[in-house]
Amino acid sequence: MEKKTKVYAFGFKEKPYWWPEGFEFVPLNEKPSVDWLPDAPIVVHLKSVRSFIPLALRIARFRPSGRLPEAILYKPKGIKEPADTTPYFDAVIEEGEEERFVELLSCPLTLTIGEWADEKVVPGWLKEHIRDCEYCGREFVRRVGIHRELQAILWWKGTKREMSDDKIH
Ligand SMILES: [Zn+2]
C-alpha cells in the first residue's frame, strides 16, 4: 500500500469530512513540547490561529533556516482571516476549495515554490522541477507576476510540449 503523506492538523478536534484520501491526519497538540519541530506541513483551523502564531514563531527560532513552518490556513466559507495572520501562512484554503489542499500537498515543494516567484534567478534544479512537476508548475504560474508569466509557462510546459509534438507528428 502506498504510504500516506503526513499532514499535521492544528485546531481540528477530529478528521474533517473533506480530508482527502492519501493524506495522513495527524492532530497536533496546541502545546507540543518546546523542542518539537514539524517534519510535515501544518493545516491550521482559523479558530485556532491565535494559538498557532506563538508556536510558529518558536519553530522558526529553532530551525537552522529560521523559516516559519510550512502552513496552510483553513477557514470556514465566507469568513475573512485577520490581516495580521497572513504572513504566517504559505496558503489559505476556504471551505469548498479542498481540492487545492491536494494540489498544494501532493509534492513537498509546492507550498514554498511561490517564494521563488519574485526572484530574478531561479536555480536550474528548480526550473527543471517546475517543468516536470504538475503541481509545482501550476502553482508557480499562479504566483508569478504578469510579466513573468510567459516565462514561467514556458518552463513548465517547455519540455513536455516538445515531446508531445514529436509524438503527434
Ligand atoms: Zn513539485
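The shown structure was predicted, so the numbers you read here are calculated from the model rather than taken from an experiment.

## Description of the pairing of strand 4 (residues 71–75)
Right, so step 1: One ladder, built from four bridges, connects strand 3 (residues 42–45) with strand 4; its direction is parallel. Bridged to Ile42 within strand 4 is Ala71.
Right, so step 2: Note on the crossover from strand 3 through helix 1 (residues 49–62) to strand 4: the handedness is right-handed.
Right, so step 3: Bridge count between strand 4 and strand 5 (residues 91–94): four bridges; the pairing is parallel. Across the sheet, Leu73 pairs through a bridge with Val92, a residue of strand 5.

## Describing the sheet that holds strand 1 (residues 5–10)
Right, so step 1: With parallel pairing, five strands are arranged side by side in an open sheet as 2-1-3-4-5. Bordering the open sheet on either side are strand 2 (23–28) and strand 5, each of which pairs with just one other strand. For this sheet, the mean inter-axis angle between neighbouring strands, taken without regard to orientation, is 30 degrees.
Right, so step 2: In the sheet, strand 1 pairs with strand 2 via six bridges, with the strands oriented parallel.

## A word on the nonpolar core
Right, so step 1: Judged by nonpolar contacts, the single largest core of 21 residues is most densely connected at Tyr8, Phe10, Ile42, Val43 and Val44.
Right, so step 2: Of all the secondary-structure elements, those providing two or more residues to this core are strand 1, strand 3, helix 1, strand 4 and helix 2 (99–105).
Right, so step 3: When neighbours within four sequence positions are excluded, Val44 is seen to be in contact with Phe10, Gly11, Val49, Phe52, Ala71, Leu73 and Tyr74.
Right, so step 4: Counting six residues, the second largest nonpolar core, distinct from the first, contains Ile113, Ile130, Phe140 and Ala152.

## Considering the packing of helix 4 (residues 124–132) against helix 5 (residues 134–143)
Right, so step 1: Contact geometry of helix 4 with helix 5 gives a least axis separation of 5 Å together with a crossing angle of 105 degrees. The angle between helix 4 and helix 5 places the two elements in the roughly perpendicular class. For the pair helix 4 and helix 5, the contacting residues are His129, Ile130 and Arg131 in the first and Cys136, Gly137 and Phe140 in the second.
Right, so step 2: Along the lines of polarity and charge, the residues of the contact of helix 4 with helix 5 split into three nonpolar, two polar and one charged.

The rules we used
- Residues numbered from 1 in each chain as written.
- Predicted model: local features only at pLDDT ≥ 70, side-chain atom pairs only at ≥ 80, totals over all residues.
- Pairing = 2+ DSSP bridges.
- Helix = DSSP H or I, 4+ residues; strand = E, 2+ residues; numbered from the N terminus.
- Right-handed = clockwise from strand over helix to strand, strands pointing away.
- Axes fitted to C-alpha atoms, helices over the stretch in contact; angles between N-to-C directions.
- Core = buried A, V, L, I, M, F, W, Y, C linked by C-beta atoms within 7 Å.
- Buried ≥ 20, exposed ≤ 12 C-beta atoms within 10 Å, placed from the backbone.
- Contact = placed C-beta atoms within 7 Å.
- Parallel < 35°, antiparallel > 145°, perpendicular 65-115°, else oblique.
- Nonpolar A, V, L, I, M, F, W, Y, C, P; charged D, E, K, R; others polar.

Taken by themselves, the reported measurements are silent on function.
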